[in-house]
Amino acid sequence: MARAVITIDDACDPCWTKSKTATESIMDIELDGKTWFFCAEHEKALARELVKMLGDPGEDKS
Ligand SMILES: [Zn+2]
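First, a word on what this report is: a plain description of the structure on this page.

What counts, and where the lines are drawn
Residues numbered from 1 in each chain as written. Predicted model: local features only at pLDDT ≥ 70, side-chain atom pairs only at ≥ 80, totals over all residues. Pairing = 2+ DSSP bridges. Helix = DSSP H or I, 4+ residues; strand = E, 2+ residues; numbered from the N terminus. Expected span 1.5 Å × (residues − 1). Buried ≥ 20, exposed ≤ 12 C-beta atoms within 10 Å, placed from the backbone.

### Describing the pairing of strand E1 (residues 27-31)
Thinking step 1. Pairing of E1 with strand E2 (residues 34-38), which is carried by 5 bridges, proceeds in the antiparallel orientation. If you follow Glu-30 over to E2, its bridge partner there is Thr-35.
Thinking step 2. Counting the residues that bridge the hairpin from E1 to E2 gives 2 residues, and of these Asp-32 lies at a positive phi of roughly 55 degrees.

Here's what the structure looks like:
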């Protein structure tokens, strides 16, 4: 059976930090010269944290 090989470089960083599990990432984010990778689950968690921190984006700023 073919098995997807995930390199550690683009595996989800929170998953790796938490449980040393290489989970396929679906997005990456670059801030301050560092790049993080996120799986679907952590992408949602990140979005929740950002909304908590930044508030909802303004739909109409005019
Ligand atoms: Zn993850």
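### Comments concerning helix H2 (residues 40-54)
Thinking step 1. In a regular helix each residue adds 1.5 Å, so 15 residues correspond to 21 Å; H2 covers 21 Å between its end C-alpha atoms and thus fits that length.
Thinking step 2. In terms of residue burial, H2 counts as a barely covered element, since only 1 of its 15 residues are buried.

### Comments concerning the environment of Ala-11
Thinking step 1. Here Ala-11 lies in the segment before helix H1 (13-19).
Thinking step 2. We classify Ala-11 as partly exposed; it has 17 C-beta atoms within 10 Å.
Thinking step 3. When the C-alpha positions of Ala-11 and Ser-25 are compared, they lie 5.3 Å apart, and in sequence the two are 14 residues distant.

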